[in-house]
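Structural overview
One-letter residues, chain by chain:
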Amino acid sequence: SGLFASHPPSQERVDKNRQHAAKLAGSTRNRSQFQRAMAQVKRDEKAYETHTNGMKALSEKKFSEAETLFASARKAQPREALFWVGEGQAELALKKYSEAKSSFSKAVSVNPEYFMSLLGRGLAEKELGNNTRAEQDLNASQKLLPTQTASYALGEINLQQGDRQSAIGYFQQVTQAGGSLAPAAQKQLQALQ
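To keep things clear, this report deals only with the structure shown in the data block.

Conventions adopted
- Residues numbered from 1 in each chain as written.
- Predicted model: local features only at pLDDT ≥ 70, side-chain atom pairs only at ≥ 80, totals over all residues.
- Heavy atoms only, no water.
- Helix = DSSP H or I, 4+ residues; strand = E, 2+ residues; numbered from the N terminus.
- Buried < 20%, exposed > 50% of the residue type's maximum accessible area, 1.4 Å probe, protein only.
- Contact = heavy atoms within 4.5 Å.
- Areas by Shrake-Rupley, 256 points an atom, 1.4 Å probe, with all protein chains shown as cover.
- Lys, Arg positive; Asp, Glu negative; His and termini not counted.
- Charge placed at Lys NZ, Arg CZ, Asp CG, Glu CD.
- Expected span 1.5 Å × (residues − 1).
- Core = buried A, V, L, I, M, F, W, Y, C linked by side-chain atoms within 4.5 Å.
- Phe/Tyr/Trp six-rings, centres within 6.5 Å; stacked < 30°, edge-to-face > 60°.
- Axes fitted to C-alpha atoms, helices over the stretch in contact; angles between N-to-C directions.
- Left-handed = near helix turned anticlockwise from the far one by under 90°.
- Nonpolar A, V, L, I, M, F, W, Y, C, P; charged D, E, K, R; others polar.
- Parallel < 35°, antiparallel > 145°, perpendicular 65-115°, else oblique.

Turning next to the overall build of the protein chain. Across its full length, the protein chain carries ten helices and zero strands. Counting helices and strands in the order they occur from the N terminus, the protein chain gives α-α-α-α-α-α-α-α-α-α. Burial statistics for the protein chain: of 193 residues in total, 35% are counted as buried. Of the contacts made within the protein chain by residues no fewer than 6 positions apart, 44% connect residues no fewer than 24 positions apart. Of the roughly 12000 Å² of accessible surface on the protein chain, 51% is carried by carbon and sulfur atoms. A gap of 6 Å separates the mean positions of the 26 positive and 19 negative side-chain charges of the protein chain.

Laid out in structure tokens, this is it:
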């Protein structure tokens, strides 16, 4: 009885909810607002399906196909940062760094709190040789969600700038976390030490 004190059997719970609801004043059901909101969700369903196909193509290293699919998804719903990020990821893989920067910048403008937007733009800026901007974006992405990718890129930037100690710190973070970038970070550490 103690375990289920706050969650009594279903029928008893339903009866109590009905009694409670009967005591409440009448309210607006907002049916039309709900239907309008759901209409947008239904319109966007195809775009999300296209995005899923783009992610599959990206994972299979079919980068041009992925780029096309992500572009189609974001044309259908340009207010979804996820679609812009996908397109940027495909463009990075295709070494279209200026286009990737543009796609990630659009993702940042749509959702400035999404770490992938900042991470991707930081990586594009790094490839374009804009290390100061790259560092800003990579650090901003790390504040939202620390990643090995950002840490490794920050290590490389610091190494290029002659800041060995900071580079070592970033490469150590990557090595300690393990994962796919750990061997490359370990190699960097061995060269630095």
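Before going further, it helps to spend a moment on the side chain of Thr-50. Residue position: Thr-50 is located in helix H2 (residues 31-59). Residues within four places of Thr-50 in sequence aside, it is in contact with Leu-69, Ser-72 and Ala-73.

For helix H6 (residues 115-127), with 13 residues, the first-to-last C-alpha span of 18 Å sits near the 18 Å given by 1.5 Å per residue. Within H6, eleven of the 13 residues are buried, which leaves the element mostly enclosed by the surrounding structure. Residues Phe-115, Met-116, Ser-117, Leu-118, Leu-119, Gly-120, Arg-121, Gly-122, Ala-124, Glu-125 and Lys-126 constitute the buried set of H6. Here the buried face of H6 lies against helix H4 (81-93), helix H5 (97-110), helix H7 (131-144) and helix H8 (148-160). Phi turns positive one or two residues past the end of H6, at Gly-129, with a value near 85°.

Formed by 19 residues in total, the largest nonpolar core has its most connected members in Leu-92, Leu-119 and Leu-138. The contacts of Leu-138, once residues within four sequence positions are left out, are Leu-119, Gly-122, Leu-123, Ala-150, Ala-153, Leu-154 and Ile-157. Counting eight residues, the second largest nonpolar core, distinct from the first, contains Tyr-152, Ala-167, Phe-171 and Leu-189.

Next up on the list: unusual backbone geometry. Here the phi dihedral of Lys-61 falls at roughly 60°; this positive angle occurs in a residue that is not glycine. Turning to its location among the elements, Lys-61 is positioned in the loop between H2 and helix H3 (63-76). In the Ramachandran plot, Lys-95 falls in the positive-phi region, its phi being about 60° despite a non-glycine side chain. Locating Lys-95 in the fold gives a position in the loop between H4 and H5.

A few words on the packing of aromatic side chains. Evaluated as defined, the whole model comprises three aromatic pairs. Between Tyr-114 and Phe-115, the ring centres sit 5.8 Å apart and the planes meet at 80°, which makes this aromatic pair edge-to-face.

Looking at the element boundaries, Asn-131 is found in helix H7. Classification of Asn-131 as buried rests on a relative accessible area of 16%. Contacts of Asn-131, omitting those with residues within four sequence positions, involve Lys-126, Ile-157, Gln-160 and Gln-161.

Let us now look at the packing of helix H9 (residues 164-177) against helix H10 (residues 182-192). Direction vectors running N to C along H9 and H10 enclose 145°, while the axes themselves pass 8 Å from each other. H9 and H10 meet at a crossing whose hand is left-handed. Of the residues in H10, those touching H9 at Arg-164, Ala-167, Ile-168, Phe-171, Gln-172, Val-174 and Thr-175 are Ala-182, Ala-185, Gln-186, Gln-188, Leu-189 and Leu-192. Taken together, the residues of the contact of H9 with H10 sort by class into eight nonpolar, four polar and one charged.

Relative to each other, H8 and H10 sit at 25°, their axes nearing to 11 Å. Taken together, the axes of H8 and H10 are roughly parallel relative to one another. In this structure, H8 crosses over H10, and the sense of that crossing is left-handed. Where H8 abuts H10, its residues Tyr-152, Glu-156 and Leu-159 lie against Ala-184, Ala-185, Gln-188 and Leu-192. Of the residues assigned to the contact of H8 with H10, the class counts are five nonpolar, one polar and one charged.

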